[in-house]
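Structural features, examined
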Amino acid sequence: MSEVTLPPASVLTERLQDSKVVLVTGAASGIGFAAAQLFAQHGAKVILVDLASGRLKAAAEDIGHGCDFRACDVANWEQQVALFDWVKQTYGPPEIVCLNAGIDPELATSQTPSAKEKVVSNYLASELEPREDASEGGSQLKQPPTVVFDVNFYGVLYGIKLAVHHFPEGKGGRIVITGSAASQMGVVNQDVYVASKHALIGLMRSSAQRQELKDKNITVSMVAPWLTHTGLTANLPPEILHAFSTESSQPVDVAMGIAYLATAEKAEDVHGRCLWIRGKRCIEVEGAYEKWLGNLIASTST
Ligand SMILES: NC(=O)c1ccc[n+]([C@@H]2O[C@H](COP(=O)([O-])OP(=O)(O)OC[C@H]3O[C@@H](n4cnc5c(N)ncnc54)[C@H](O)[C@@H]3O)[C@@H](O)[C@H]2O)c1
C-alpha cells in the first residue's frame, strides 16, 4: 500500500485551467459539494448534479462563480442521457466526470427507533405483503427494495457509459467513482449498501482492463472514504461519531482525493487505482490487492 501525496493548490489550478468541464453527481451536499467547490475554486466549469431540490440551486449559488446545476435522478437512464446531452450542448463535452451520488437507507434508518424504518433497513426482516395474485389470498414475504442498487450501482454504470461516449474525441477523460471503505469490507447491518459498493469496485477493476479505455486515454478510478461527516452519517449516535473522531474525514479530505484522481496528467498513475481515505490519510490500495491476488493465484496453481 502506498500513501499518496495530494497535489498542492497551484498544481490543481494549472490542471483545471481553461474552464475544463467537470460534472459531479450528488453535488448538493457532502462530499460531492466539497468536490464541486474545489474544482470551481481552481478554475473548472463545474456542473452540479443532484435530485431536484432547493438544496441543489442553493449549493450552486453558494459556490457562485464557475458553476451551473442540473437536476437529475442518476438511477434514471433517460434523465442521465438528457443530462449529458444538455452539458455537451451548453458547455461542450465534459473532461472529468465524478460519479458520487449515493444513498444508504440502512445507515439512515438502522439507528432510529421506528419499527417501520427498521424493517426497511433490514433485508432479512420478516415483513409480509399481500400476494400479487389476490385470488390466492393471504400474504407473502415482502420483496426487499432494490433502490440502493438503482442509485449506487446503476447510477454509476449509466454514468460511465455516457462519459465514455461523450468525452472529447482524441483527448479522453477522467472518471472518478465514489466507492467506500465498504467496497473492501463487510459492515454489520449494512448488507445491501456494502454489496452495492463491492459491485462498484468490481465494475471499476474490470472497466479499467478494457483496451478501448486505454486507447482513448480514459481513466476510471475510485475513492473509498472511511467515515466522513456528511448528511449520510449525520444520524449516527454521538457515541459512534465520538469513537471514530480521530479517524473520520471531512468532505474536503475526500474531495482532495477525487481531485487528485481527476487531474492526474499521466493516465497510468490513476487508472484502476483506489484511494482509501481515512481522516486525512490517503492510501492507494489496489496495488496491495493485486499483489495479494497474484500470490493467491500462484499458490493455488497446479
Ligand atoms: N459519508 C460517509 O461516511 C461516506 C463513506 C463512504 C462512502 N460515502 C459515499 O460518498 C458519496 C456521497 O455521500 P455523502 O456522504 O456526501 O452523503 P450526502 O447525503 O451528503 O450526499 C449524497 C448526495 O447524493 C444525492 N443523491 C441521492 N440519490 C440521488 C439520485 N438518485 N440522483 C442524484 N443524486 C442523488 C443526495 O441528494 C445527496 O445530495 C455516496 O456515494 C456515499 O455512499 C460516504
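Residues numbered from 1 in each chain as written. Predicted model: local features only at pLDDT ≥ 70, side-chain atom pairs only at ≥ 80, totals over all residues. Heavy atoms only, no water.

Bringing the site of the ligand into the picture now. In the vicinity of the ligand there are 29 residues, among which D50, D73, Y193, T228 and T230 approach most closely. C72 places a polar main-chain atom, nitrogen or oxygen, 3.4 Å from a nitrogen atom of the ligand. A distance of 2.6 Å separates an oxygen atom of the ligand from a polar atom in the side chain of Y193. With respect to the pocket detection grid, the ligand is positioned in the largest pocket. Secondary structure elements with two or more residues in the shell around the ligand: α2 (30-41) and α8 (191-208). A class-by-class count of the residues in the shell around the ligand yields 13 nonpolar, 12 polar and four charged. (Near = heavy atom within 4 Å. Polar contact = N/O pair within 3.5 Å; in protein donor to acceptor, adjacent residues only side chain to side chain. 1 Å grid on protein atoms, 1.4 Å probe; cavity = no way out; pocket = protein on both sides within 12 Å on 5 of 7 lines; lining within 4 Å. Sits in = over half its atoms within 2 Å of the grid points. Helix = DSSP H or I, 4+ residues; strand = E, 2+ residues; numbered from the N terminus. Nonpolar A, V, L, I, M, F, W, Y, C, P; charged D, E, K, R; others polar.)

Next up on the list: empty space enclosed by the protein. Considering all chains together, one arrives at one cavity of 30 Å³ or more under this definition. Volume-wise, the largest cavity comes out at about 30 Å³. Taken together, T25, V74, L99, N100, A101, G155 and V156 make up the lining of the largest cavity. When grouped by side-chain class, the residues that make up the lining of the largest cavity number four nonpolar, three polar and no charged. (Points joined across faces, edges and corners; volume = space filled by probe spheres on them.)

Since the α-helix turns once every 3.6 residues, residues separated by three or four places project in the same direction. With 12 residues, α2 extends 17 Å from end C-alpha to end C-alpha; this agrees with the ideal 16 Å at 1.5 Å per step. Counted residue by residue, α2 has nine buried out of 12 residues, so it is predominantly covered. All buried positions along α2 are accounted for by I31, G32, F33, A34, A35, A36, L38, F39 and A40. (Expected span 1.5 Å × (residues − 1). Buried < 20%, exposed > 50% of the residue type's maximum accessible area, 1.4 Å probe, protein only.)

Size it by volume and the largest pocket reaches roughly 1300 Å³. Contributing to the lining of the largest pocket are 49 residues, with D104, L107, Y193, L232 and T233 lying nearest its centre. For the lining of the largest pocket, the elements supplying multiple residues, two or more each, are α2, β3 (45-50), α5 (105-110) and α8. For the lining of the largest pocket, a count of residues per class yields 25 nonpolar, 19 polar and five charged.

In strand β5 (residues 96-99), alternate side chains face the same way, and those of I96 and C98 on one face and V97 and L99 on the other are all buried. In this structure, strand β2 (residues 21-25) lies alongside β5, joined through three bridges in parallel fashion. Of the residues in β5, the one forming a bridge with L23 is V97. In this sheet, strand β8 (residues 173-178) lies alongside β5 in parallel orientation, the contact comprising four bridges. Paired with L99 across the bridge in β8 is I177. (Pairing = 2+ DSSP bridges.)

A separate point is the nonpolar core. Judged by nonpolar contacts, the single largest core of 39 residues is most densely connected at V24, F39, V46, L48, I258 and L275. Broken down by secondary-structure element, the contributors of at least two residues to this core are α1 (9-16), β2, α2, β3, α3 (54-63), β5, α11 (251-263) and β10 (274-278). The element that contributes the greatest number of residues to this core is α2, accounting for eight residues. Those residues within four positions of L275 in sequence are excluded, and the remaining contacts are V4, M222, V223, A224, G257, Y260, L261, C282, I283 and E284. Judged by nonpolar contacts, the second largest core, of 38 residues, contains L99, F153, F167 and W226. (Core = buried A, V, L, I, M, F, W, Y, C linked by side-chain atoms within 4.5 Å. Contact = heavy atoms within 4.5 Å.)

A separate point is the pattern of salt bridges. A complete count under the given rule lists 11 salt bridges for this structure. Two residues, K57 and E61, come together in a salt bridge whose shortest N-O distance is 3.0 Å. Separated by four residues within a single helix, K57 and E61 lie in helix α3, roughly one turn from each other. Looking at K57, the relative accessible area reads 43%, which means it is partly exposed. On the basis of relative accessibility, which here comes to 54%, the residue E61 falls in the exposed class. Between E127 and K142 there is a salt bridge, with its nearest N and O atoms 3.5 Å apart. Of this pair, E127 sits in the loop between α6 (115-121) and β6 (128-130) while K142 sits in the loop between β7 (139-141) and α7 (147-166), and the two are 15 residues apart along the sequence. Sharing partners across several salt bridges, the network here consists of R273, E284 and E290. (Salt bridge = Lys/Arg side-chain N within 4 Å of Asp/Glu carboxyl O.)

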